[in-house]
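Examination of the molecular architecture
What follows is the residue order along each chain.
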Amino acid sequence: MPTVIGFEGSANKLGIGIIRDGEVLSNPRVTYVTPPGEGFQPRDTARHHQAHVLEVLQKALDEANISPREIDCIAYTKGPGMGAPLVSVALVARTVAQLWNKPIIGVNHCIGHIEMGRLITNAQNPTVLYVSGGNTQVIAYSQKKYRIFGETIDIAVGNCLDRFARILKLSNDPSPGYNIEQKAKEGKKLIELPYVTKGMDVSFSGILSHIEDVGRKLLKSGECTPGDLCFSLQETLFAMLVEVTERAMAHCGSNEVLIVGGVGCNKRLQEMMGIMAEERGAKLFATDMRFCIDNGAMIAQAGWEMFVSGITTPIKETFCTQR
């Protein structure tokens, strides 16, 4: 019964989780929250992680009620992500691995999301929509590899939502995307926005530029409310994501779709994807905020899968990559 501890710190979430044979023993997490209208900078985010990582590590051990000697392997996020936060957390993981004399495994952040989603939902072989602040990809498992069938050609969907939230000066607590979701529930008017899909790829930067420009004018003239803009942005972005996901499902002959990543918590996205899946005779799988948002348990789970397959990372190769 291997027990793996996972360190995640690729963006503004710092999480450390412990997994034992598919059971989540602990999964504490802290978030670096900036003032409304501001994003999070790599240097400041790294300082936040450095200040909190030891207390989160102790909390993970305490909640799991285990000691370091019961840990079989250390897993950490190798990338992709923001350089400074990644390195800050990887440094702690490397140090702990050497202090505890344990093997270490570098985990791909995207695979962590997928493996955690599969574990929690029991999805067998789904087409995966991975949507977060840094990534937007349609992924499926084929010939012993995860393969990207479609992705954003510019910015991620979560980045688009976050940047629009800054324009409206929405709170970053608990996240800009969550607050856009709540504001969208107040919307009653659908404003036409650019809709850009290219095969199985999507583009969001033009939509963001358009709504930044038009939105300010419409708000100033009183033709719409912030709720209307949030509602319209969500509906347009999510319709695009559902379209390309359905196209990938048809290509792969899939009857399962799994949504992972921080934006995957959005109930409206889940609702729209669920309608598409039902019409295709397929099944939708999704998780809640505990596991959709970046967390240490997802890195531990991917690390566990690698560890039981006999894969470890030599200490000299425990570097990080932003892509």
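In short, a report on the structure. The model shown is predicted, which means the values in this text are computed figures rather than measured ones. (Residues numbered from 1 in each chain as written. Predicted model: local features only at pLDDT ≥ 70, side-chain atom pairs only at ≥ 80, totals over all residues. Heavy atoms only, no water.)

What about the packing of aromatic side chains?
Cut-off, in case you're wondering: Each pair of aromatic rings taken from Phe, Tyr and Trp, with Trp reduced to its six-membered ring, is defined by centres within 6.5 Å and is described as stacked if the planes are under 30 degrees apart, edge-to-face if over 60, and tilted in the remaining cases. Whether a charge sits over a ring comes down to the Lys NZ or Arg CZ being within 6 Å of the ring centre and within 35 degrees of the ring normal.
Scanning the entire structure with this criterion turns up one aromatic pair. Judged by centre distance (5.1 Å) and plane angle (70 degrees), the rings of Y141 and Y146 are edge-to-face. Over the face of the ring belonging to F319 we find K78, whose NZ or CZ atom lies 4.2 Å from the ring centre.

Some thoughts on the pairing of strand β5 (residues 73-79)
Look at any regular strand and the pattern is simple: side chains alternate between the two faces of the sheet. Cut-off, in case you're wondering: Buried residues are those whose accessible area, probed at 1.4 Å on protein chains only, stays under 20% of the maximum for their type, while exposed residues exceed 50% and partly exposed ones sit between those limits. Helical segments are the DSSP runs of H or I of at least four residues, strand segments are the runs of E of at least two, and each set is numbered from the N terminus. Strands qualify as paired when DSSP identifies two bridges or more between them.
For β5, a buried count of seven out of seven residues is recorded, marking the element as mostly surrounded by other parts of the structure. When strand β1 (residues 3-8) meets β5, the two strands line up parallel, connected through four bridges. Across the sheet, residue V4 finds its bridge partner in β5, namely C73. Relative to strand β6 (residues 104-108), β5 runs parallel, the two being bridged by five bridges.

Quick notes on unusual backbone geometry
Most peptide bonds take the trans configuration, and most residues that are not glycine carry a negative phi. A cis amide bond, omega -5 degrees, links G79 with the succeeding residue P80. One can find P80 in the loop between β5 and α2 (83-100). In this structure, the amide linkage connecting D173 to the following residue, P174, adopts the cis form with an omega of 0 degrees. Following the sequence through the fold, P174 ends up in the loop between α4 (157-167) and α5 (176-184). If you check the backbone angles, N65 has positive phi at about 60 degrees while not being a glycine. With respect to the helices, strands and loops of the structure, N65 is situated in the loop between α1 (42-64) and β5.

Notes on the state of the cysteines
Rules: In this description, the term disulfide denotes a pair of cysteine sulfurs within 2.5 Å.
What the rule picks out here adds up to zero disulfides. C110 takes part in no disulfide bond, and the closest cysteine sulfur, belonging to C320, lies 14 Å away. Exposure remark for C110: the relative accessible area of 9% places this residue in the buried category.

A short note on the environment of A277
So the rule is basically this: Contacts are residue-level and defined by heavy atoms, with any inter-residue pair within 4.5 Å sufficient.
Tracing the backbone shows A277 in helix α8 (residues 267-279). The buried category is assigned to A277, whose relative accessible area is 1%. C-alpha separation for the pair A277 and V242, spaced 35 residues apart in sequence, amounts to 9.4 Å. Residue contacts for A277: discarding those within four places in its chain leaves V257, A282, K283 and L284.

A look at helix α3 (residues 109-121)
Our working rule: In this analysis, the expected span of each helix is defined as 1.5 Å times one less than the number of residues it contains. By the criterion applied in these results, polar contacts are pairs of N or O atoms within 3.5 Å in which, for protein atoms, one can donate a hydrogen and the other can accept it, and in which residues neighboring in sequence qualify only through two side-chain atoms.
For α3, spanning 13 residues, the distance from its first C-alpha to its last is 19 Å, which sits close to the expected 18 Å at 1.5 Å a residue. Considered for burial, the residues of α3 that qualify are H109, C110, G112, H113, I114, E115, M116, G117 and T121. At the N-terminal end of α3, a side-chain oxygen is found 2.8 Å from the backbone nitrogen of C110, two or three residues along, and the residue is N108. Positive phi shows up at N122, right after α3, with a value of about 65 degrees.

Some thoughts on the nonpolar core
The criterion, for reference: In this text, buried Ala, Val, Leu, Ile, Met, Phe, Trp, Tyr and Cys residues form a nonpolar core when linked through side-chain atoms within 4.5 Å.
Ranked by internal contacts, the top residues of the largest apolar core, which has 43 residues, are F164, F204, L233 and L237. With 11 residues, the single largest contributor to this core is helix α7 (residues 226-252).

Remarks on the packing of α7 against α8
Put simply, the test is: Fitted lines through C-alpha atoms give the axes, limited to the stretch in contact for helices. The angle between two N-to-C directions lies from 0 to 180 degrees. With the far helix as reference, a near helix turned anticlockwise by less than a right angle produces a left-handed crossing, and one turned clockwise produces a right-handed crossing. Basically, the charged four are Asp, Glu, Lys and Arg, the nonpolar ten are Ala, Val, Leu, Ile, Met, Phe, Trp, Tyr, Cys and Pro, and anything else, Gly included, counts as polar.
Running from N to C, α7 and α8 cross one another at 40 degrees; their axes reach a closest spacing of 10 Å. Considering only the axes of α7 and α8, their crossing is right-handed. Along its contact with α7, which presents Q234, E235, F238, A239, L241, V242, T245, E246 and M249, the element α8 presents R268, L269, M272, M273 and M276. In the contact of α7 with α8, the residues fall into nine nonpolar, two polar and three charged.

A few points about the environment of S232
Looking at the element boundaries, S232 is found in helix α7. Residue class for S232 comes out buried when judged on its relative accessible area of 1%. Remark: the alpha-carbon pair of S232 and L193, spanning 39 residues in sequence, is separated by 7.5 Å. Look past the residues within four positions of S232 in its chain and what remains in contact with it is K189, L190, I191 and L193. Within the local environment of S232, its side chain forms a polar contact with the backbone oxygen of K189, the two atoms lying 3.3 Å apart.

Things to note about the pattern of salt bridges
The following threshold applies: A pair is scored as a salt bridge if a Lys or Arg side-chain nitrogen falls within 4 Å of a carboxyl oxygen belonging to Asp or Glu.
Applying the stated rule across the entire model yields nine salt bridges. A salt bridge links D213 to K217, with the nearest nitrogen and oxygen atoms 3.7 Å apart. Taken together, the residues span about one helical turn, with D213 and K217 both in helix α6 (residues 205-221) at a distance of four residues. On the basis of relative accessibility, which here comes to 54%, the residue K217 falls in the exposed class. Among the ionic pairs, R268 bridges to E235, the shortest N-O distance being 2.7 Å. Taken together, the residues R268 in helix α8 and E235 in helix α7 connect sequence positions 33 residues apart. In this structure E235 comes out as buried when scored by relative accessible area, which is 15%.

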